[in-house]
Amino acid sequence: KTEMPFKVPLNIDVDGYAVWLEGTIDYVDSENNIWDWKTAKRAYNIKSKQKSAIQPTVYTYAAHMLSEEISEPPTFNYGIMIRQLTPKSQIVPVIRTAEHWNWLKHQVRGAVSMALRTGVNNQWVTNDESALCSESWCSFWSICKGAYNCNNG
């Protein structure tokens, strides 16, 4: 299955709001393994992805919720094309369990609760710990960290 959209309940309630997850899975193979295609400047750190990558947790949960065939969390695989003079490829499998899904619910419950209490008219906590906090990736860069001229590369 390619480009498989999902919209599934997370089965949590925050202040009377039911929380749902929505997205699109790149590919689910015949063994119900999930694949997501990426390009990168360097190889992925496998330990880091296994430790804290959120996408595999969300996608394996969604696949489980969408298909009665998937009783156990499927394997999530990043298929990465590394951009360099001589391009390389990398496959990074990430294993998730029902305990990861429970941790996801805990994280989302806190985020939704904070969002409901903070609202849209108050400044939110900012996080520049990711490569996504950059002019290349974030459309708000110029009015956020970019406005402070403190990009050190």
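It should be noted that the structure appears before, not after, this text.
Structure report, in brief. Note on numbering: residues in each chain are counted from 1, in written sequence order. Under the rules for a predicted model, residues below a pLDDT of 70 receive no local features and side-chain atom pairs below 80 are neither given nor counted, while totals for whole chains, interfaces and linings still include all residues. As a convention, hydrogens and water are excluded, and side-chain values are obtained from all of the structure's heavy atoms.

**Description of the sheet that holds strand E4 (residues 76–82)**
Stated precisely, the cut-off is as follows: Strands were regarded as paired on the criterion that DSSP finds at least two bridges between them. In DSSP terms, a helix is any run of H or I states spanning at least four residues, a strand is any run of E spanning at least two, and both are numbered starting from the N terminus. Helix axes are fitted to C-alpha atoms over the stretch in contact, other axes to C-alpha atoms as well, and angles between N-to-C directions run from 0 to 180 degrees. Contact between two residues is taken to exist if any of their heavy atoms lie within 4.5 Å; hydrogens are not considered.
Reading across from one edge, E1-E2-E3-E4-E5 is the order of the five strands in this open sheet, with mixed pairing throughout. Two strands bound the open sheet, and with one partner strand each, they are strand E1 (2–14) and strand E5 (88–94). Taking each pair of neighbouring strands and ignoring which way they run, the sheet shows an average axis angle of 35°. Examined bridge by bridge, E1 and strand E2 (residues 17–28) share nine bridges and lie antiparallel to one another. Residue threonine 2 lies in a different strand from E2, and its bridge partner there is tyrosine 27. Helix-sheet contacts for helix H2 (residues 54–66) involve E1, E2, strand E3 (34–40), E4 and E5, and the interaxial angle to E1 is about 95°.

**Focus: the pattern of salt bridges**
Opposite charge on two side chains permits pairing when their charged atoms draw close. Formally: The salt bridge criterion pairs a side-chain nitrogen of Lys or Arg with a carboxyl oxygen of Asp or Glu, the two atoms within 4 Å. Remark: exposure states derive from per-residue accessible area (1.4 Å probe, protein chains only) relative to the maximum for the residue type, with buried under 20%, exposed over 50%, and partly exposed in between.
Considering all chains together, one arrives at three salt bridges under this definition. Ionic pairing is found between aspartate 36 and lysine 38, a salt bridge with its closest N-O pair at 2.9 Å. On the basis of relative accessible area, aspartate 36 is assigned to the buried category, the value being 3%.

**Observations regarding the nonpolar core**
One broad rule of soluble globular proteins: the nonpolar side chains tend to lie buried together. Using the following cut-off: Here the nonpolar core consists of buried residues drawn from Ala, Val, Leu, Ile, Met, Phe, Trp, Tyr and Cys, with membership extended through side-chain atoms lying within 4.5 Å.
Membership of the largest hydrophobic core comes to 29 residues, with the highest contact counts inside it found for Phe6, Leu10, Leu21, Ile25 and Tyr78. Of all elements in the fold, only E1, E2, E3, H2, E4, E5 and helix H3 (98–118) reach the threshold of two or more residues within this core. In terms of residue count, E1 provides more of this core than any other element does, six residues in total. The contacts of phenylalanine 6, once residues within four sequence positions are left out, are Leu21, Glu22, Gly23, Thr24, Ile25, Val58, Tyr59, Ala62 and Leu66.

**Notes on a nonpolar patch on the surface**
Rules: Patches draw on residues past 30% relative accessible area with no salt bridge. Two like charges within 9 Å are joined, as are two nonpolar side chains (Val, Leu, Ile, Met, Phe, Trp, Tyr) within 5 Å. Method for areas: the Shrake-Rupley scheme with a 1.4 Å probe, in which residue coverage is limited to the protein chains shown.
A cluster of nonpolar side chains, contributed by Met114, Trp124 and Val125, occupies part of the molecular surface with about 330 Å² of accessible area. With respect to the helices and strands, methionine 114 occurs in helix H3. The exposure class of methionine 114 is partly exposed, given its relative accessible area of 40%.

**Observations regarding the packing of aromatic side chains**
Keep this limit in mind: Aromatic pairs are defined between Phe, Tyr and Trp rings, using the six-membered ring for Trp, whenever the two ring centres lie within 6.5 Å; interplanar angles under 30 degrees are classed as stacked, those over 60 as edge-to-face, and all others as tilted. Two conditions define a charge sitting above a ring: the NZ of Lys or the CZ of Arg must be within 6 Å of the ring centre, and it must be within 35 degrees of the ring normal.
Within the structure shown, the criterion is met by seven aromatic pairs. Consider the rings of phenylalanine 76 and tyrosine 78, whose centres lie 4.8 Å apart with planes at 75°: the pair is edge-to-face. Using a relative accessible area of 0% as the deciding quantity, one classes phenylalanine 76 as buried. Judged by relative accessible area, tyrosine 78 falls into the buried class, the value being 3%. Among the aromatic residues, those joined into a ring-pair cluster are Phe6, Tyr44, Tyr59, Phe76 and Tyr78. Across from the ring centre of tyrosine 44, 4.5 Å away, lies the NZ or CZ of lysine 49, which sits over that ring. Stacked on the ring of tyrosine 78, the Lys or Arg lysine 49 has its end atom at 5.4 Å from the ring centre.

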